[in-house]
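Chain and residue survey
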Amino acid sequence: MKDVSGNNIRETFLRFFESKGHRRVHSSSLVPANDPTLLFTNAGMNQFKDVFLGAEKRDYSRATTSQKCVRAGGKHNDLENVGFTRRHHTFFEMLGNFSFGDYFKKDAIAYAWELVTSPEWFNIPKDRLYVTIFEGTTGEGAADVPRDDEAEQFWIAAGVPKERIKAYGVKDNFWQMGETGPCGPCSEIFYDMGIEASETGKDLPFGEDDARYVEIWNLVFMQFDRSAVVENGKTAGYKLSPLPKPSIDTGMGLERVAAVLQGKVSNFETDLFTPLIQRAAELTEQVSGHDFSRAESTPKKGGALAPAGIESLVQNASLRIISDHARAATFLINDGVLPSNEGRGYVLRKILRRGIRHGRLLGQEKPFLYQMVYAVRDLMQGAYPELKDSADRVAKVIEAEEKQFDRVLEVGSEQLDFAITNAKLRYEAFPEDTKYQGNGRAKLPGNEAFRLYETFGLPLDFMIDAARDAAIEFDTEGFEKARAEEQARARASWKGGAQKTASPAYRDLPKTIFEGYKQLTSTNSEVLAIVKDGQGVPAAKAGEQVDVVLDHTSFYGDSGGQVGDTGVFLSTDGNTTVAEIQGCVLPVQGVRAHKALLKQNLAVGDHVNTVVNGTRRDAIKRNHTGTHLLHAALRQVLGTHVKQAGSLVDPTRLRFDFSHFAQVADEELHEIETIVNREILSNAKVETLEDVPIDVAVNEYHAMALFGEKYGDKVRVVKLSDGFSTELCGGIHTAATGEIGLLKLTSEGAVSSGVRRVEAISGFGSLDTFRRDFEVEKLAARIAPAPNLGPAEALDAKFIAQEEELKKLRRELDELRMKSASGGLDEVLSKAVEVKGVKVLRHRADQLDRGQLRTLVDNLKQKAGEAVVVLASAQPEGKVAIIAGVTPALIKRIQAGKLVGAVAKLVGGSGGGKPEIAEAGGKDQTQIGTALEAVPQIVNDLLA
């Protein structure tokens, strides 16, 4: 193989398997479609999961892919290791070949050995390769599976010497999709990188040096179905049953095999990374002054790199991290993930902020990471042409996140200063609280530091340095404990449930013929299956709730954001209602299950006529076609960065989520609404094209593929208004846009960071709203008559005038309260007590806000000369406000922060602040008097 570039390796792998009768399938999205068990796509088999489970059928039985993958959250998280090892990445490409009940071990092994060793293909020396097989086991997840002698014999037949085959147990060489479901032994190919790759420097044999012997390909032989053995309602164990059609799932890391073929020890030294590392060095202005003699060196903030070739740059951990994270962020945002504080968006935010932080370690304080997007595009657009169109949008998202992170760091630094000050105060005030007690000095608790790390992205070393500068300890053990707990929560929240194989009641059924695009009824439909409580039954009685599968139907099944149809089953003579249909779903792709409340007995083999509720269907159609028009109008007004991020179409409304960075202005909403209704009034034809090859649909018709949807090789294209909107869609639509009647936007708001939502109504929903609004308008005209203004403007003007009047009255009331409180200062002074030579004033001043209380404290301090002042006030919702003040000459003897904290405890609260003035809150208003009475004693205890 002469051209060993990463791009050619990818292409060669795919071309090899195409020559073996495999269908080349494009990588699926990094956001798994309809799979709650996964945070991100992390393996090539993810997009074929339903095929392996029997829930989906495709028109090919062999496939090959180069699948983009991310492992940076949930159960699969390599984030912390990236940059500090040779082979960990957040984003990587998994090359794979798959057999869905077609060929099995013999051919899979023969194909693998041919591709890897043949001079026509990869031509890797056989004497540097080793193979592993499953050694067999009793129990422990594999439930008495014998040694995989079969695989060993096939490897020997392919040309692998027996002494180069080693057997391992369940942990290394047995794969399972979940607690239950498809599973089986696996076989791996390892490459000997040579003693120069060893981290021990010793010439150790295969199996004893993970750094030297690198796995490059894993072949999974899915041959069993793992099911639970239930006794007395509890899982007592598991059993393995042979699958009727054993399958193959393989995975080869592109980055790893590139390192092998290019003769590199580290993946980061390959041409999949070096252009990115070079660009990262340019953007972080690395010019002179750094020594890269140590493999994992990371420069200190503010320095710069010595002039060096790419080999030297690759040794820098920060540059490796930036290059890796730029790939991950570019592809995640391209696939619809946006930075946020939860789920996938939170992981993306952590990836971005880690990359930004390492840029700062290299001295780059300005936004730079967004420019890496274009380097990723230039390097990978051949395999992923979608990057050409999305690069500008992705760069804008990253630049906005960089600027936001600057603001977050500023706030985070202030929070860290407060946490350090608080730790010192609590160390002195509460010696019994071990949380803040270090080795003879104050300690910054690890859980508080971790909160700053997670919330504000403050680097760990930054916080450790700050604690050291403040002469307090940093609780490293507590920090690591909090981090471990958070990682455990993340794993738990995304482990989901193991996705089960499709129920046998559905799995082996033929696809339901759907006739509902052109008609509301189907006649003489045969009952193929009746499912009750997940189990197939031969018959069911009137009154029972069951799922019914027919050979053909007019009912649309819930999918693509459109809700399923409702209606009835009639007897074939049309005279009797057999069942009320309350919905229709697709438990297995292509198979429609009708949610039926039986009115008559029904058995498998019976025949019925299906009748869809036409009025409801028409309302759904109007909203669905309106959704397409709305999507196109949003892109026209806001920009082509707008992509669908979710939708719901039901009879009463439509909901549409889309990517956008800011609130949509009222003027923009009006323009969008006008464009949609202009297209409706044109009454243009709605054209549908069936069974279009997906490449033709996307590249020739320029049809939009929607976020989170799975598409086959043949798709349905819906065109509106002579190309105004062209989308891939399997839903049901009006025949012309005019049937929508009128579309009215009803709301716009944020769903998450970078995702907005609009809702709208159409048809009779719009008419009902128009009637209600007209009644409101008539009422407004009576309440606020204004001949020169419309009802809305007149009502708004009246409300504004009333609000101004209320503000004026509130100000007057506040002034009266403050005047009343200030007038009683002399009385407060007269009740002062003296403690150890210090004048102590305390007073209850209800109905004053915190600002007024602070003013009152300042006035009392000024009048008293040298004194300690404590004010308490009952606040709304049962809360208590406490303000403590100490005049300057006394703060060496007593601090307001410690004083207010001690008083607050008596009203069920806490607080702190500066030595001169501090605030606290509480929850028990009944104890205000008691707390104020205790002030002299507290002052006595605190006075130095």
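Residues numbered from 1 in each chain as written. Predicted model: local features only at pLDDT ≥ 70, side-chain atom pairs only at ≥ 80, totals over all residues. Heavy atoms only, no water.

**Comments concerning the overall build of the protein**
- For the protein, the helix and strand inventory stands at 26 helices and 37 strands.
- Taking the principal axes of the C-alpha coordinates as reference, the protein spans close to 100 × 85 × 60 Å.
- A total of 944 residues make up the protein; the buried ones form 50% of that total.
- Contacts in the protein between residues at least 24 apart in sequence constitute 68% of all its contacts with a sequence separation of at least 6.
- With the model as given, the accessible surface of the protein reaches about 42800 Å², and the carbon-plus-sulfur share is 49%. (Helix = DSSP H or I, 4+ residues; strand = E, 2+ residues; numbered from the N terminus. Buried < 20%, exposed > 50% of the residue type's maximum accessible area, 1.4 Å probe, protein only. Contact = heavy atoms within 4.5 Å. Areas by Shrake-Rupley, 256 points an atom, 1.4 Å probe, with all protein chains shown as cover.)

**Digging into the pairing of strand 22 (residues 591–598)**
- Burial analysis of strand 22 places 6 of its 8 residues in the buried class, the great majority of the element.
- Where strand 21 (residues 577–588) meets strand 22, 7 bridges bridge the pair, whose relative direction is antiparallel. The partner of G583 across the bridge, within strand 22, is K595. (Pairing = 2+ DSSP bridges.)

**So, helix 17 (residues 614–638)**
- With 25 residues, helix 17 should reach 36 Å at 1.5 Å per residue; the first-to-last C-alpha distance of 36 Å fits that figure.
- For helix 17, the tally of buried residues reaches 21 of 25 residues, placing the bulk of the element in the interior.
- N-cap assignment for helix 17: the residue whose side-chain oxygen lies 3.2 Å from the backbone N of T615 is N613. (Expected span 1.5 Å × (residues − 1). Polar contact = N/O pair within 3.5 Å; in protein donor to acceptor, adjacent residues only side chain to side chain.)

**With respect to the packing of aromatic side chains**
- Taken as a whole and assessed by the stated rule, the structure comprises 29 aromatic pairs.
- With a centroid separation of 6.4 Å and 50° between ring planes, the pair formed by Y60 and F100 is classed as tilted. Here the residue Y60 occupies a position in the loop between helix 2 (49–53) and strand 2 (62–70), and F100 occupies one in the loop between strand 5 (91–99) and helix 3 (105–117), the gap between them amounting to 40 residues.
- For F100, a relative accessible area of 13% puts it in the buried group. (Phe/Tyr/Trp six-rings, centres within 6.5 Å; stacked < 30°, edge-to-face > 60°.)

**As for the sheet that holds strand 31 (residues 755–762)**
- Reading across the sheet, the 4 strands line up as 25-26-31-30 and stay open at both edges, with antiparallel pairing between neighbours. With one partner strand each, in any of the chains shown, strand 25 (644–649) and strand 30 (743–752) form the two edges of the open sheet. Across the sheet, the mean angle separating the axes of adjacent strands is 15° when strand polarity is ignored.
- On top of the sheet, helix 18 (residues 666–681) reaches strand 30 and strand 31; it is set at about 135° to strand 30, its chief contact.
- Along the sheet, helix 20 (residues 764–783) contacts strand 30 and strand 31; its crossing angle with strand 31, the most-contacted strand, is approximately 85°. (Axes fitted to C-alpha atoms, helices over the stretch in contact; angles between N-to-C directions.)

**So, the nonpolar core**
- One finds W155 and W217 to be the most contacted residues of the largest nonpolar core, which totals 117 residues.
- Sequence-distant contacts of W155, defined by excluding residues within four places in its chain, comprise I109, A112, W113, V131, I133, V160, I165, S187, I189 and L219.
- By size, the runner-up hydrophobic cluster in this structure holds 28 residues, among which are V835, I882, A896 and V939. (Core = buried A, V, L, I, M, F, W, Y, C linked by side-chain atoms within 4.5 Å.)

**Structural notes on the sheet that holds strand 33 (residues 838–844)**
- What the 6 strands build is an open sheet, ordered 32-33-34-35-37-36; its pairing is mixed. The outermost strands of the open sheet, each flanked by one partner alone, are strand 32 (833–835) and strand 36 (910–913). The average undirected angle you get between the axes of adjacent strands in this sheet is 20°.
- Across 4 bridges, the pairing between strand 36 and strand 37 (residues 917–922) is antiparallel. Paired with G913 across the two strands is A918, which belongs to strand 37.
- Packed on one face of the sheet, helix 24 (residues 896–905) meets strand 34 (867–874), strand 35 (880–886), strand 36 and strand 37 and runs near 15° to strand 37.

**Observations regarding the pairing of strand 21**
- The pairing of strand 20 (residues 567–570) with strand 21 spans 4 bridges and is antiparallel. From the neighbouring strand, G567 faces strand 21, where its bridge partner is I581.
- Linking strand 20 back to strand 21 in an antiparallel pair, the connection comprises 6 residues, with G574 at a positive phi of about 80°.
- What sits between strand 21 and strand 22 in their antiparallel hairpin is a turn of 2 residues, with G590 showing a positive phi close to 90°.

**Describing the state of the cysteines**
- Within the structure shown, the criterion is met by 0 disulfides.
- C183 takes part in no disulfide bond, and the closest cysteine sulfur to it belongs to C186, at a distance of 11 Å.
- Assessed through its relative accessible area of 0%, C183 is described here as buried. (Disulfide = S-S within 2.5 Å.)

**A closer look at the confidence of the model for the protein**
- Looking at the protein as a whole, the pLDDT averages 87, with 92% of positions reaching at least 70.
- Predicted confidence is poor over residues 287–308, with pLDDT under 50, and the contacts of this stretch with residues over four places away or in other chains come to 59 contacts.
- Confidence drops under pLDDT 50 across residues 493–499; counting only partners more than four residues distant or on other chains, this segment forms 21 contacts. (pLDDT = per-residue confidence, 0-100.)

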